[in-house]
Amino acid sequence: MQLWLQAWAYGVAALLYPVFFQVSTVLLKYLGSNAQAGHYGVALAVMMAIYLFPSTVYQKFLLSRLHRWAVHDRPRFWRVHRLGNLAMLAAGIAVGAALALMSPWLVPFAFGPAYEDVADVLAVLSICVPLRFLSTSVGSALLTENHMRYRVVAMLAATLVAVALNAWAIPRFGIMGAAWSTVVAEATLQFAMWLGLRKLVAGEDAR
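Just so you know, these numbers come straight off a predicted model, no measurement behind them.

*Asks:* I'd like a description of the layout of surface pockets, backed by residues and values.
*Replies:* The space that makes up the largest pocket amounts to roughly 640 Å³. Residue lining of the largest pocket: 27 residues in total, with Tyr-17, Ser-55, Gln-59, Arg-151 and Met-155 positioned closest to the centre. If you list the elements that add at least two residues to the lining of the largest pocket, you get α1 (2-31), α2 (34-72), α5 (128-139), α6 (148-173) and α7 (175-206). It is α2 that contributes the most residues to the lining of the largest pocket, eight residues altogether. Its residues assigned to classes, the lining of the largest pocket shows 19 nonpolar, six polar and two charged.

*Asks:* So what's going on with the side chain of Ser-181? Residues and values would help.
*Replies:* As for its placement among the helices and strands, Ser-181 is situated in helix α7. Side-chain polar atoms of Ser-181 contact the backbone oxygen of Gly-177, separated by 2.7 Å. Those residues in contact with Ser-181 that lie beyond four places of it in its chain are Leu-165, Asn-166 and Ala-169.

*Asks:* For the confidence of the model for the chain, give the residues involved together with the corresponding values.
*Replies:* Per-residue pLDDT for the chain has a mean of 90; in total, 97% of the residues score no lower than 70. Ranking the helices and strands of the chain by mean pLDDT puts helix α4 (residues 117-125) first, with 95, and α1 last, with 86.

*Asks:* Which residues make up the nonpolar core, and what are the values?
*Replies:* Judged by nonpolar contacts, the single largest core of 48 residues is most densely connected at Tyr-40, Met-47 and Leu-125. For this core, the elements supplying multiple residues, two or more each, are α1, α2, α3 (74-111), α4, α5, α6 and α7. Counting residues per element, this core draws most heavily on α2, at 13 residues. Formed by seven residues, the second largest nonpolar core is a distinct cluster that contains Ala-9, Ala-13, Leu-16 and Leu-143.

*Asks:* Could you give me a rundown of empty space enclosed by the protein, with the residues and numbers involved?
*Replies:* Counted according to the given criterion, the structure contains two cavities of 30 Å³ or more. Empty space within the largest cavity amounts to approximately 50 Å³. If you go around the largest cavity, the residues you meet are Phe-20, Phe-21, Val-23, Ser-24, Ala-162, Asn-166, Thr-182, Ala-185 and Glu-186. For the lining of the largest cavity, the elements supplying multiple residues, two or more each, are α1, α6 and α7. When residues in the lining of the largest cavity are grouped by element, the largest group, four residues, is from α1. Of the residues that constitute the lining of the largest cavity, the class distribution is five nonpolar, three polar and one charged. Along the walls of the second largest cavity sit Phe-21, Leu-44, Met-47, Tyr-51, Leu-125, Cys-128, Thr-182 and Glu-186, which together make up its complete lining. Elements with a minimum of two residues in the lining of the second largest cavity: α2 and α7. Looking at side-chain class alone, the lining of the second largest cavity contains six nonpolar, one polar and one charged residues.

The rules behind the values
In this convention, every chain numbers its residues from 1, walking through the sequence in written order. Since the coordinates come from a predicted model, pLDDT governs what is reported: local features require at least 70, and pairs of side-chain atoms require 80 or more to be given and counted, while whole-chain, interface and lining totals use all residues. Hydrogens and water are ignored here; the side-chain numbers use all heavy atoms of the structure. We place a 1 Å grid over just the protein atoms. Points where a 1.4 Å probe fits but has no way out form a cavity, open points with protein on both sides within 12 Å along at least 5 of 7 lines form a pocket, and any residue with an atom within 4 Å of a point lines it. Grid points are joined across faces, edges and corners, and a volume is the space filled by probe spheres set on the points. Helix and strand assignments follow DSSP, with helices taken as H or I runs no shorter than four residues and strands as E runs no shorter than two, numbered in order from the N terminus. Amino acids outside the nonpolar list (Ala, Val, Leu, Ile, Met, Phe, Trp, Tyr, Cys, Pro) and the charged list (Asp, Glu, Lys, Arg) are all regarded as polar, and Gly is one of them. The definition of a polar contact used here is a pair of N or O atoms within 3.5 Å, where within protein one atom must be able to donate a hydrogen and the other to accept one, and adjacent residues in sequence count solely through side-chain atom pairs. Residue contacts follow a heavy-atom distance rule, with two residues in contact if any of their heavy atoms lie within 4.5 Å. Think of pLDDT as the predictor's per-residue confidence, scored from 0 to 100. In plain words, nonpolar cores are sets of buried Ala, Val, Leu, Ile, Met, Phe, Trp, Tyr and Cys residues tied together by side-chain atoms within 4.5 Å. Burial classification: accessible surface area is computed with a 1.4 Å probe over protein chains only, and a residue below 20% of its type maximum counts as buried, one above 50% as exposed, and the rest as partly exposed.

As structure tokens, this is what we get:
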């Protein structure tokens, strides 16, 4: 029971992530068309490849170290966290700008002229890149101790926003409605992570 109480939040977060990330494609299939869902799936595949960078840095390289520093070396934990935020924001802006500028050329080259409209989708989704990079780094402070429950609530809220916005926007704006809904959902997740970080910092200041 003790193990379950400590581990359930990590499992729920792992289940919510694919729902949050793939809900636009699923709703496009049922509220739009199979063609729109297929083209949006291509755009998501590109975004998934980009998102591997921050997830690899924080999940594979820094996660165990952050857990250790959070308990045994708090000053170092916060130094790495601040540096990570700056680095992820700068990298996200650079990668997002490169994606927006290069997608009109790369998409037809990689997938063929039938997928030229994917470039417009990626131009919108490029806004998500700095948001996701920064939410990954900001949220890394909430992976430690008892803060995973807040992460689950934040991700659930962002997922509900994504579902509601897609359900409203797809029938009206099609594939571009799904893209902008994804941007708003990513911004919601980033804002929720920032609020959680503020609460954590305020608690440490109080102690």
